[in-house]
Amino acid sequence: MEALPDFRTRASLRDDLRRIGLREGDTVLLHAAMSKVGPMLNGPDILAHAMLDVMGPDGTVMVYTSWDSQHCDLLDDDGRVLPEWRDHVPGFDAAGSRAVRMNGVIAEFVRTMPGACRSANPGASMAAIGARADWITADHPQDYGYGPGSPLAKLVEAGGRVLMVGAPWDRMTLVHHADHLANIPDKRLIRVEVPFASDQGIRWQVIEEFETDEPVHAALPDDYIERIVTDYVAAGAGNQGLIGSAPSLLIDAQPFVPFAANWVERWVGSV
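Conventions we followed
Residues numbered from 1 in each chain as written. Predicted model: local features only at pLDDT ≥ 70, side-chain atom pairs only at ≥ 80, totals over all residues. Heavy atoms only, no water. Phe/Tyr/Trp six-rings, centres within 6.5 Å; stacked < 30°, edge-to-face > 60°. Helix = DSSP H or I, 4+ residues; strand = E, 2+ residues; numbered from the N terminus. Buried < 20%, exposed > 50% of the residue type's maximum accessible area, 1.4 Å probe, protein only. Lys NZ or Arg CZ within 6 Å of the ring centre and 35° of its normal. Pairing = 2+ DSSP bridges. Core = buried A, V, L, I, M, F, W, Y, C linked by side-chain atoms within 4.5 Å. Contact = heavy atoms within 4.5 Å.

### Let's talk about the packing of aromatic side chains
Okay, step 1: Within the structure shown, the criterion is met by seven aromatic pairs.
Okay, step 2: Between Trp 67 and Phe 92, the ring centres sit 5.3 Å apart and the planes meet at 80°, which makes this aromatic pair edge-to-face. Residue Trp 67 is located in the loop between β2 (60-64) and α3 (105-111), and its partner Phe 92 is located in the loop between β2 and α3; the two are separated by 25 residues in the primary sequence.
Okay, step 3: Assessed through its relative accessible area of 3%, Phe 92 is described here as buried.
Okay, step 4: Seen in terms of ring centroids, Trp 263 and Trp 267 are 5.2 Å apart; in terms of plane orientation they differ by 15°. Their pairing is stacked. Within this pair, Trp 263 and its partner Trp 267 are both found in helix α8 (residues 253-269), separated by four residues, close to a single helical turn.
Okay, step 5: When the ring centre of Phe 210 is taken as reference, the NZ or CZ atom of Lys 187 above it lies at 4.7 Å.
Okay, step 6: One Lys or Arg, Arg 203, reaches over the ring of Phe 196 and ends 4.6 Å from the middle of that ring.

### Considering the pairing of strand β7 (residues 201-210)
Okay, step 1: Bridge count for strand β6 (residues 189-198) against β7 is 10 bridges, and the pairing is antiparallel. Bridging from a neighbouring strand, Ile 190 pairs with Glu 209 of β7.
Okay, step 2: Count of turn residues in the β6/β7 antiparallel hairpin: two residues.

### A short note on the nonpolar core
Okay, step 1: Among the nonpolar cores identified, the biggest contains 42 residues, and Val 162, Met 172, Leu 174, Tyr 224, Ile 228, Phe 256 and Val 264 are the most heavily contacted of them.
Okay, step 2: If one sorts the elements of this core by residue count, α8 sits on top with eight residues.
Okay, step 3: Sequence-distant contacts of Ile 228, defined by excluding residues within four places in its chain, comprise Val 175, Phe 256, Phe 259, Ala 260, Trp 263 and Val 264.
Okay, step 4: Residues Val 37, Val 63, Ile 106 and Ala 127 belong to the second largest nonpolar core, which totals 32 residues.

See below:
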């Protein structure tokens, strides 16, 4: 008889989450590479549910969704959608547009959980479920969606945390909030035209943002996000452990953001 799969369960993940330091009442931004967790009984849903079990009725799980649109490949030099494509690009709908695939399956799973909320800035959108979900996702600025008033800013304000479950450290989205706050000149800026779905059809809007697909400043190395997280952990911050089989990291957002902003300022100032 073949050996049975070594399933991760909601209960076993609860134990792992408590060991790494998750607490009742936490607000947590989750990044996860679910394939690294191992075989899961009932699939990726169990990680979000296990987190909510541990954090209790006052806890909140956040995920970075962005949105699964390819229209950025159809822009002209001014960031506007090419005329021949304008009638074909679907508009962003916070309630229905899928999470971008590169953020992993967990983003779409959380976005579609009953009771989840999703913020209305397309590229910077976050989904959340739990006690603070409405507040976290409400009133997301359309311009500079990683700065003040954003879900990331609210995560910091709430004394929230970031949990990386098997996710590469260069995926830590909170660094983009630090990028916005860093006091450096000549940040890379993008202006792109975005379609929004409405009852009257597509509404087009140009959104301005500091660059997130590349380092926010030309002097920064391509792997600067990973370097920031590595240096932060090397300084003794954060908790590490296994969630299922996935090497994981839990950090507090409030001390991390000034560390990351200062790291960016020092690097840019040294060149």
